[in-house]
Each structure stands twice: as C-alpha cells, then as structure tokens.
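As a plain string of letters, each chain reads:
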Amino acid sequence: SDGGYLAGRNFDYPGTEELLVYTDPDDGYASYSMTDLNVLGVGEPDGLDPLSLMGRAAMLAAPYLPLDGMNEKGLMVSILELDAGEIHQRTEKHDVMINIAMRLLLDRAENVEQALKLLESIDIQTINGHSHHLFICDKSGKSVVVEWKYAKMTVVDDQPCVTNFWLSNSNDKNGRLGYCDRYDKLADWIDTHSSTTYEEAMNLLSDVRQDNQYAVTEWSSVYHLNDFSVDVAVNMEYDKVYHFTTKDFN
C-alpha cells in the first residue's frame, strides 16, 4: 500500500527447525534466507544441539540450503516441491544442486531477468526423488515461476502466486484447474485487491496455512522488497511476528 512490493511464502513441512540466515559476502549481495536445520541434523528431536560446538559447525552449511530468501537488491526466490521425479539436466553445463542455485541467485542477481540468465547458464540437479519449481520476483513487481519439466527449463511469466502443482502445462493462464484450494484463494485475493499492507499479506499466509497429517506450516515469511527487511511467523504463531532489518545483524 506504500507503493513498494511484498513477497510472501509459507513453508509447509512436518517437523522442522528454522533458522533465519543473514549473509553479506564481499563478492555478492547481502541477503536473508530461511533454512530447515533438520536437513543439517540440527535441532529437536534427535539432532545436534544448535548451541553446541558440533551444532554450530553443522550450521555453517546453512547459507547453502536456502528455502526462501531475498537480497539487498530486492530479488526474492523460494523453492516449492512438486510430486514428480528428480530433475537432471544434461547439457554439458556446470551441474548445480537447486538449493545452491538459489544461493547463486541471491548472491549475484539484481532482478528476475538476471536470475533467469544465471539459471540458463547451469544444469539444475535435484535429489531425494523429488522435483521442484522456483518462484522468483523482484522489487519492480515482476514475478515468474521456473520449472524443469522433462529436464527442460520453462518460465511461466507474470505469475503472482504458486503452490505445489505444475504451471507450465496449464491451459488456464492462472493455472486454476481445481488442483489446489490454497492456490485459488491466493489468486482470487490478488485479483480482487489492488494493494495490500504487510499485515494483510501475513494474514493471507495464515489463511492458506497447512495443519494436517501431511504438512504443517513451519514458518510464514513476508519480504519487503523495497527496503530489505523481512517479517517471519514461526509455528503458525501469527500474533508473534519477528521483524528483521540489517540493523539486527550489524
């Protein structure tokens, strides 16, 4: 509502430990990103104590496992799982795991256009039997979804929201095929509102949260693309939102 742009994301997965990572590399852009520490074997119920020496050592890898994040130039990227086989591009370019590719985008891309060029320069790989797509947007308001169906990179332009089904094979411009109530609620809200506040954005994420036997919303993040700050609600505690700016890390 102040003329800038917001990007929101729910991370829906059972049983994670969250970490907000701030990085400021000498040869790249500063960024925030959210990481699931369970992937690193850190946190409850059976992982390393995050305050222990071993836990701290394991968390040094956290910058390379972003699940959503934004950089100081106003580029935001998030990864979403698809129910399909692994992605293995084979075009003789450098092989890059998809989470490492996200780190590349956060460190090096100023906008969506630059992010797409970087993705075109590498071969994306995934593991654990799953495929993924990326939601990428920037402070100009441009937003796209990038998919690798049959290992071929496809860009779905002007896509304001995404959940966990393929968009590149949709005959409907907005992908509304009745696959996902969460998607329909997001798309309908965006279609009927010309502007929003960050409180409304977080409320919208609350409206589409997951809390069932398959998935739980572990965190909801709202990125302020024009002033490089982020709001995070953890474990669906939407009355307790954490706001981070660079002042919190300097």
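Everything below is about the structure printed above this text.
Residues numbered from 1 in each chain as written. Predicted model: local features only at pLDDT ≥ 70, side-chain atom pairs only at ≥ 80, totals over all residues. Heavy atoms only, no water.

A. Highlighting the pairing of strand 4 (residues 68–71). Residues of strand 4 alternate between two faces, with Asp 68 and Met 70 on one and Gly 69 and Asn 71 on the opposite face, all of them buried. Pairing of strand 3 (residues 31–36) with strand 4 involves four bridges; the strand directions are antiparallel. In the strand pairing of strand 4, Tyr 32 is matched with Met 70. (Buried < 20%, exposed > 50% of the residue type's maximum accessible area, 1.4 Å probe, protein only. Helix = DSSP H or I, 4+ residues; strand = E, 2+ residues; numbered from the N terminus. Pairing = 2+ DSSP bridges.)

B. Main features of the pattern of salt bridges. Applying the stated criterion to the full structure yields six salt bridges. Between Arg 182 and Asp 12 there is a salt bridge; the shortest N-O distance is 3.6 Å. Placement of the pair is Arg 182 in helix 4 (residues 181–192) and Asp 12 in strand 1 (residues 6–12), with a sequence separation of 170 residues. When its relative accessible area of 17% is taken as the criterion, Asp 12 is described as buried. One salt bridge in this structure joins Lys 117 and Glu 113, with 3.8 Å as the shortest N-O distance. Within this pair, Lys 117 and its partner Glu 113 are both found in helix 3 (residues 112–120), separated by four residues, close to a single helical turn. (Salt bridge = Lys/Arg side-chain N within 4 Å of Asp/Glu carboxyl O.)

C. Here's a closer look at the packing of helix 2 (residues 98–108) against helix 3. Between helix 2 and helix 3, the least distance of the axes is 10 Å, while the angle of their chain directions is 140°. With respect to helix 3, the axis of helix 2 lies oblique. The handedness of the crossing between helix 2 and helix 3 is right-handed. Of helix 3, the residues touching helix 2 (which contributes Ala 101, Leu 104, Leu 105 and Arg 108) are Gln 114, Ala 115, Leu 118 and Leu 119. Grouping the amino acids of the contact of helix 2 with helix 3 by side-chain chemistry returns six nonpolar, one polar and one charged. (Axes fitted to C-alpha atoms, helices over the stretch in contact; angles between N-to-C directions. Parallel < 35°, antiparallel > 145°, perpendicular 65-115°, else oblique. Left-handed = near helix turned anticlockwise from the far one by under 90°. Contact = heavy atoms within 4.5 Å. Nonpolar A, V, L, I, M, F, W, Y, C, P; charged D, E, K, R; others polar.)

Fair warning: the whole summary comes from geometry, so function is off the table for now.
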